[in-house]
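Each chain is listed here by its residues.
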Amino acid sequence: MLSNNIKYKFDFGNTFKLLISYIVEIIENMGIIILTWIAIISLSAVILDVLPDCFVRELIIKIFTAITVIIDSFCAVLIFIPKRVLLTEDKIVVYRFCFPLQVTFWDIRGINDRILYSQITLCQKHVSEVYLGARKPFFCSNNNSLVEIRTKYKDYLLPIKDYESFICEVNKRINENSCSNSVKTD
């Protein structure tokens, strides 16, 4: 088994695409921020009507407001954490640190994905402009360096800077993982 972890950076192509991706992430995270403030205002209105004691009402509203500020700060900080892919001994970990709403038309994925080597059926350079079923991790990325990973359950498109090395390393780990699994079952 391999004992070393390898990090790969995402490839946005150029600074303009990187800025566009960050703007889209900010808009995505603003959705969460707006929803938390709508929830706090709605809960405050209900609390004002239900609770007769002023001290308890103010205390609960202050607690809800503090929780909302913490969630909003978390969403605002997430976009500045560097995005990367980490190859571990048994899985690929995709760190994208985005907290998106799933109702958007570009369907950006969640904060982190873990892809087990045992579930990967294909890892290759993406050659088509069609993204059927596969989900791009970012709104703007370098389409020339997209790596297509197919699993039993989902398809992934990852824009990796050194995609040739990434594909070679993933395929090597898939083969080692399948060999070690067959040895364990015998």
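Scroll up to find the structure this text is about.
Predicted, not measured: the structure shown is a model, and the values here were computed from it. (Residues numbered from 1 in each chain as written. Predicted model: local features only at pLDDT ≥ 70, side-chain atom pairs only at ≥ 80, totals over all residues. Heavy atoms only, no water.)

1. Let's talk about the sheet that holds strand β2 (residues 84–87)
Logical step 1: Across the sheet, four strands lie side by side as β1-β2-β3-β4; this open sheet has antiparallel pairing. Each edge of the open sheet carries a strand with a single partner, namely β1 (6–9) and β4 (112–116). For this sheet, the mean inter-axis angle between neighbouring strands, taken without regard to orientation, is 15°.
Logical step 2: Two strands pair when backbone bridges link them, and β1 and β2 are joined in this way by four bridges, in the antiparallel orientation. Bridging from a neighbouring strand, Y8 pairs with V85 of β2. (Pairing = 2+ DSSP bridges. Helix = DSSP H or I, 4+ residues; strand = E, 2+ residues; numbered from the N terminus. Axes fitted to C-alpha atoms, helices over the stretch in contact; angles between N-to-C directions.)

2. Quick word on the pattern of salt bridges
Logical step 1: As enumerated under the stated definition, the model contains four salt bridges in all.
Logical step 2: With a shortest N-O distance of 3.5 Å, K91 and D90 are connected by a salt bridge.
Logical step 3: With a shortest N-O distance of 3.0 Å, E169 and R173 are connected by a salt bridge. Within this pair, E169 and its partner R173 are both found in helix α3 (residues 163–185), separated by four residues, close to a single helical turn. For the pair E169 and R173, a shared accessibility class is recorded, and that class is buried. (Salt bridge = Lys/Arg side-chain N within 4 Å of Asp/Glu carboxyl O. Buried < 20%, exposed > 50% of the residue type's maximum accessible area, 1.4 Å probe, protein only.)

3. Brief notes about the layout of surface pockets
Regions of empty space are outlined by a rolling probe, equal in size to a water molecule, passed over the atoms.
Logical step 1: In this structure, the largest pocket occupies an estimated 170 Å³ of space.
Logical step 2: Around the largest pocket, the lining residues are K9, F10, D11, F12, G13, N14, L18, Y22, P82, K83 and K161.
Logical step 3: Looking at the lining of the largest pocket, its residues break down into five nonpolar, two polar and four charged. (1 Å grid on protein atoms, 1.4 Å probe; cavity = no way out; pocket = protein on both sides within 12 Å on 5 of 7 lines; lining within 4 Å. Points joined across faces, edges and corners; volume = space filled by probe spheres on them. Nonpolar A, V, L, I, M, F, W, Y, C, P; charged D, E, K, R; others polar.)

4. Thoughts on the nonpolar core
Logical step 1: Grouped together as the largest cluster of nonpolar side chains are 21 residues, with contacts concentrated most on V85, I92, I149, I160 and F166.
Logical step 2: The set of elements that each furnish at least two residues to this core consists of β2, β3 (91–95), β5 (120–125), β7 (146–151), β8 (155–159) and α3.
Logical step 3: For this core, the element with the most residues is α3, which contributes five residues.
Logical step 4: When sequence neighbours within four positions are dropped, the list of residues in contact with I92 reads V85, L86, L87, D113, R114, I115, Y117, I120, I149, F166 and V170. (Core = buried A, V, L, I, M, F, W, Y, C linked by side-chain atoms within 4.5 Å. Contact = heavy atoms within 4.5 Å.)

5. Section: the side chain of T88
Logical step 1: Of note, T88 is situated in the loop between β2 and β3.
Logical step 2: Note on T88: relative accessible area 11%, which makes it buried.
Logical step 3: Those residues within four positions of T88 in sequence are excluded, and the remaining contacts are N5, V93, Y117 and R173.

6. Some thoughts on the packing of helix α1 (residues 15–50) against helix α2 (residues 54–78)
Logical step 1: It is the contact of α1 with α2, at a shortest axis distance of 9 Å, that shows an interaxial angle of 175°. The orientation of α1 relative to α2 falls into the category roughly antiparallel. Taken together, the residues of α2 that come into contact with α1 (itself represented by N29, I32, I33, T36, W37, I40, L43, S44, I47 and L48) are R57, I60, I61, F64, T65, T68, V69, I71, D72, C75 and L78.
Logical step 2: Along the lines of polarity and charge, the residues of the contact of α1 with α2 split into 14 nonpolar, five polar and two charged. (Parallel < 35°, antiparallel > 145°, perpendicular 65-115°, else oblique.)

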